[in-house]
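# Residue-level structural notes
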Amino acid sequence: MLRLAILFLLLPFIFCQVVIAKDLEQQEIEFRENPTKLYAKIAKITEFPLSFATPQEFAKVADDLGYKPEELHRNLEVLARLNLETNLQSASKYEDAELLIKQLDSIDSTAFEQAMVIMLKARFKARRDKQYQSVVVEYMEAFNKINSDVSLEASLFKYTLHEHLASLQMMLLQPAPALSHLNQYREIAYQLHNDYFIAESEAALGKYYNRSGDMSKSLLHFTEAFRLANGLNYLSLKSQTSINLARTYRDLEQWDDALKYAHDAAEILQELGNESYLAETLNVIAMIYAAQEKWSKAIDYYLNSQQVNERVGNNIAVGLNFHNVGEVYSKLKNYPAAISALKQANDIFRAHKTNHYLVHNELLFAQVSADQQLWPETIDHANKAIELAKQKNLIDVQIEALGYLSKAYRNINDLNAAIDSVETIITLTQSIEDKKQANNGRSELTEQKLKFELTLLNNKLEQQSEKNKHNRLITLFLLAISSIMLIITIFLYRKLKHKTKQHQASQIINHLEPLSQSPGYRAFIQTLVTMEQSEAKTLALININELNNIDMQLGLTESVTLIHSFMKQLSKHLGTDVFVIRSGVFACYFNQQHDADFIYEALLTCLEQLKDVKSNIPNFAQLQNIHQASIGHINLPLLGNPDVNISAELHFETLQYALAAAMDITEKPAYVSLRPLNFAPAAIFMPPLYLNLTQALNRGIIRAESNRNSLDINWPKC
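These numbers were taken from a predicted model, which means no experiment stands behind them.

Moving on, we get to the pattern of salt bridges. Under the defined criterion, the tally for this structure stands at 21 salt bridges. One salt bridge connects Asp257 with Arg703, and the closest N-O pair in it is separated by 3.4 Å. Of this pair, Asp257 sits in helix H13 (residues 255-272) while Arg703 sits in strand S6 (residues 702-706), and the two are 446 residues apart along the sequence.

Structure below.
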């Protein structure tokens, strides 16, 4: 009774903690979904701006407003963070942020509050001065202050810190630290068991792999983020996952899918009035058109994006738009317009000290100048690009800029300078080769170490072999003096041999379909087990409705004769063995690839000939609906990765999935062929297979082809 009483006393406290936890997570989600709405709400309830300079004054202000000091402190922290968000529309947001940071700095007392102030100061510096390297150091200082804190508030703060640190490292062209922070960002999201945060972290990893060129991993993370976002009622998250998929499909040159997801995102962002992300989305649409060399449409969307960025005051994004517009105009040979845009981009990047963007703009400037044979300008911009590339250790940029420089020097007859440029290119190229050789050297060293270890293992094995020989001699001696054991051994051997023969005979029977006594399912599976998975093959599964119950309609004897006749014709027309899975269902295995049309045409011929088969039972001499046939078809290998092994049973089940879809098509005969894309992950061919295949089709990872309208296919329900 005492324990029960204690439990009832603790229940309100436990419930209160759960509510607080949910409130903290929901506030963080609102921060990311609709910062403007959250800003208006907090500014109203806190009656911002407030006047205080000491902890005592702050406690009195909190009491006057009806807050506990820690609650008001948390709201002011969120308000300061909101003022530093790019998509918050407020003319005085940076002045308000500076005031709030100063006030919070005057009253911080705990390690968490101190860490928050450090982070806010660093973020303010990043927004104002663009000094990202020093900002990273300050972020790490904030992280170290709360590293051991395991509270929910601290976990959410670490989640934000890793998110910002990953973005900063990417801007500083430091991919390894960025990936480390992204993995920790994702790990915290899964610890929080919140689908919103998990979707955000998956999307961030997808963006990282997209930039590093790993399209397979990028699509994997983006599709997971999109799946989670679709299960939540948060429009901003849905728009971000859509635009991420658009970027990936753009890079995969799947233009229709890319434009579909990009326009979906744009519609949501227009509905939300989120102009910062809308500008980014318009930029992506422009890039899709540029990648297709549809320059006029690309310029239209770049200029629309630029207008939105100018409206929200995102100057760096405006600079990037000028850079992109300049590149498109250079493709159209409109050099005056290209130079005008690139000059404006240069001015913005220099004013904001964003050298990681400036270096690429100077490189493009050098290229455009060289195309117009403006050699002094080419030399000027190429030298600037080289200097910036040295600071960022961008060897590829240096080599390209040196190429323009060499060309310019040759055309103004400064041959010594041209030769120096070429020699520098050779030196840089050699340094890349040296790094590759150094890596090869390390590989050779590793190989030598492995050979040495292998030699030691061989010596140990030889010693063990000698010991085994001695033990075998003792065993043989004991067997020689034990005739009874020898007789028993011979008896057991003979019995085992007899059992082996029986097993082999049963295996032969086991591979036959019971009724027709033709090679059946197990024979088909055995054929798949013995094939080389990396070689091109074709598998097909055929169902003929009229033959599904032929054993009942004709009787066993006549139906077997009919099935054997059909199998013989089908094998002849297809040039391969045919297996009976069950009555009316046949499997085919081809040592080379055939498209579904080939199998379809051969089947039609066989079905016509089947009508002419003479039956001893007159009532069944003619088959009325013989063309009610369906085909499931796949080409092997299903995956391009030779290291991934798919079992024979899963190959067969994939065929079943295709046949099930074909059987559901009303208009017969029909076939359905499944073809995974080159970057398809191995996970789609894992149990539960039907569920994974359905999801892969929905995501566009698997393509389906049919001689009927593929949009009318009803896929098996999972």
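From this point, things continue past the structure.
All right, on to a nonpolar patch on the surface then. On the surface, Leu473, Leu476, Leu479, Ile484, Met485, Ile488, Phe491 and Leu492 cluster together into a nonpolar patch covering about 830 Å² of accessible area. Contributions of two or more residues to the nonpolar patch are made by helix H21 (415-480) and helix H22 (483-510). Per-element tally for the nonpolar patch: the top contributor is H22, with five residues. Its location among the elements puts Ile488 in helix H22.

Our focus in this paragraph is the packing of aromatic side chains. Considering all chains together, one arrives at 19 aromatic pairs under this definition. With centroids separated by 5.6 Å and ring planes inclined at 85°, the aromatic side chains of Phe226 and Tyr261 adopt a geometry described as edge-to-face. You can see Phe226 sitting in helix H11 (residues 215-230) and its partner Tyr261 sitting in helix H13, a full 35 residues away along the chain. Ring geometry for Tyr249 against Tyr261: centres 5.7 Å apart, planes inclined by 5°, an arrangement best described as stacked. Separated by twelve residues along the polypeptide, Tyr249 in helix H12 (residues 235-251) and Tyr261 in helix H13 bring together distant segments of the chain. One aromatic cluster is present, built from ring pairs that chain together Tyr159, Tyr185, Tyr196, Phe197 and Tyr234. The ring of Phe31 carries Arg81 above its face, with NZ or CZ at 4.1 Å from the centroid.

With an omega of 5°, the peptide bond between Phe48 and Pro49 qualifies as cis. Note that Pro49 resides in the loop between helix H2 (35-46) and helix H3 (55-65). With an omega dihedral of 0°, the bond running from Leu636 to Pro637 counts as a cis peptide bond. Mapped onto the fold, Pro637 is located in the loop between strand S4 (629-636) and helix H27 (648-663). With a phi close to 55°, Glu47 is a non-glycine residue in the positive phi region. The topology assignment puts Glu47 in the loop between H2 and H3. We classify Glu47 as exposed; its relative accessible area is 53%. Its identity is not glycine, yet Lys333 carries a phi of approximately 65°, on the positive side. Within the secondary structure, Lys333 is located in the loop between helix H16 (315-331) and helix H17 (335-351). For Lys333, a relative accessible area of 57% gives the class exposed.

Conventions and cut-offs
Residues numbered from 1 in each chain as written. Predicted model: local features only at pLDDT ≥ 70, side-chain atom pairs only at ≥ 80, totals over all residues. Heavy atoms only, no water. Salt bridge = Lys/Arg side-chain N within 4 Å of Asp/Glu carboxyl O. Helix = DSSP H or I, 4+ residues; strand = E, 2+ residues; numbered from the N terminus. Patch = residues over 30% accessible without salt bridge, like charges linked within 9 Å, V, L, I, M, F, W, Y side chains within 5 Å. Areas by Shrake-Rupley, 256 points an atom, 1.4 Å probe, with all protein chains shown as cover. Phe/Tyr/Trp six-rings, centres within 6.5 Å; stacked < 30°, edge-to-face > 60°. Lys NZ or Arg CZ within 6 Å of the ring centre and 35° of its normal. Buried < 20%, exposed > 50% of the residue type's maximum accessible area, 1.4 Å probe, protein only.

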